[in-house]
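# Observations on the three-dimensional arrangement
Next come the chains, spelled out residue by residue.
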Amino acid sequence: WNIDVTENAHKWFQKHKKKNRALCERVIRRLTLLSTGRWPYVLCKRLKSKSTSCSLYETKVDGASRIIWEVALSFSPRRSSTDQIYCEQVIRVWDIVLDHDNLSRAIEQVIERIEKSHLRGQECALYSEIDTSKSEMIHLEDNVGKLKIPRVFPMRQQVISCTESGTSNPSSK
């Protein structure tokens, strides 16, 4: 699995890399374990939230620290060519929480950032459609502890030109 680290998680690493190097190394070891596709419960605990727009998971780093992440779709430059564009499932790390007591607040903040990200994507002039007939989404809750393989999806893209009235006219590209 590829690991995407969001700006917030990257800032966490920048802040802690000198003063708590051992914790940073533990986080990296956990992310390395996640990237293998073997997700036992300690690495892949589904988080309860009010949001239906995303499924968040936590990975236990130590007694108090947690990694908040999701399985997301991302453009795959490695698999794409001039003839076909692909996206694939990735592990997107949203936050690293040091104190378990702050987990609820961190989850709410992550959900807000995900929803803002989705809104930015909807306002984008490039419209992409994922062809799910060629691949099926993975259901984590059915396979916890088993080997997970990231799915790859072909994409169809259109450039959408927005008119002043607010309607859009898609044109294939």
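Below or above, wherever it landed, is the structure these notes cover. Treat the numbers as computed from the prediction; the structure is a model and nothing was measured.

### A word on the overall build of the chain
Looking only at helices and strands, the chain has three helices and eight strands in total. Along the chain, helices and strands appear, N-terminal first, in the series β-α-α-β-β-β-β-α-β-β-β. Sorting the 173 residues of the chain into buried and exposed places 34% on the buried side. Taking all contacts inside the chain whose residues are at least 6 apart in sequence as the whole, residues at least 24 apart take part in 59%. Working note: accessible area of the chain is about 11000 Å², and carbon and sulfur atoms make up 49% of it.

### Focus: the nonpolar core
Membership of the largest hydrophobic core comes to 19 residues, with the highest contact counts inside it found for Val-27, Ile-67 and Trp-69. Residue assignment for this core shows that the elements contributing at least two residues are helix 1 (7–16), helix 2 (21–35), strand 4 (66–75) and strand 5 (85–97). If you tally residues by element for this core, the top one is helix 2, at five residues. By size, the runner-up hydrophobic cluster in this structure holds 12 residues, among which are Leu-47, Cys-54, Ile-68 and Leu-103.

### Quick look at the packing of helix 1 against helix 2
Put simply, helix 1 and helix 2 touch, their axes get as near as 9 Å, and they point 145° apart. Seen from helix 1, the contacting residues are Trp-12, Phe-13 and His-16; seen from helix 2, they are Arg-21, Leu-23, Cys-24, Val-27, Ile-28 and Leu-31. When its residues are assigned to classes, the contact of helix 1 with helix 2 shows seven nonpolar, one polar and one charged.

### Some thoughts on helix 2
When the terminal C-alpha atoms of helix 2 are compared, their 21 Å separation across 15 residues agrees well with the 21 Å that a helix rising 1.5 Å per residue should span. Where the residues of helix 2 are buried, they touch strand 1 (3–5), helix 1, strand 3 (56–60), strand 4 and strand 5. Positive phi shows up at Gly-37, right after helix 2, with a value of about 95°.

### Details of the packing of aromatic side chains
How two aromatic rings sit relative to each other is given by the distance of their centres and the angle of their planes. Following the criterion strictly, the structure yields four aromatic pairs and no others. Between Trp-1 and Trp-39, the ring centres sit 5.0 Å apart and the planes meet at 45°, which makes this aromatic pair tilted. Of this pair, Trp-1 sits in the segment before strand 1 while Trp-39 sits in the loop between helix 2 and strand 2 (45–46), and the two are 38 residues apart along the sequence. The pair Trp-1 / Trp-39 is uniform in exposure class, with both members buried. Grouping aromatic residues by their ring pairs yields a cluster made of Trp-1, Trp-39, Tyr-57 and Trp-69.

Definitions and limits used
- Residue positions are given per chain, counted from 1 along the sequence in the order it is written.
- Selection of residues for local features in this predicted model requires a pLDDT of at least 70, selection of side-chain atom pairs for listing and counting requires 80 or more, and totals for whole chains, interfaces and linings are taken over all residues.
- Values reported for side chains reflect all heavy atoms of the structure, with hydrogen atoms and water molecules removed beforehand.
- Secondary structure elements follow DSSP: runs of H or I no shorter than four residues count as helices, runs of E no shorter than two count as strands, and numbering proceeds from the N terminus.
- Accessible area is worked out with a 1.4 Å probe on protein chains only. A residue is then buried under 20% of its type maximum, exposed over 50%, and partly exposed in between.
- Note on contacts: a residue pair is in contact if any heavy atoms of the two residues lie within 4.5 Å.
- Computed with a 1.4 Å probe, the accessible areas rest on the Shrake-Rupley method; for each residue, only the protein chains presented here act as cover.
- Throughout this description, the term nonpolar core refers to a set of buried Ala, Val, Leu, Ile, Met, Phe, Trp, Tyr and Cys residues connected via side-chain atoms within 4.5 Å.
- Working convention: axes come from line fits to C-alpha atoms, limited for helices to the stretch in contact. Angles between N-to-C directions cover 0 to 180 degrees.
- Residues are sorted three ways: Asp, Glu, Lys and Arg are charged, Ala, Val, Leu, Ile, Met, Phe, Trp, Tyr, Cys and Pro are nonpolar, and all the rest, Gly among them, are polar.
- A helix is expected to span 1.5 Å for every residue after the first.
- Only rings of Phe, Tyr and Trp enter the pairing, Trp through its six-membered ring, and a pair is recorded when the two centres are within 6.5 Å. The plane angle decides the type: under 30 degrees is stacked, over 60 is edge-to-face, the rest tilted.

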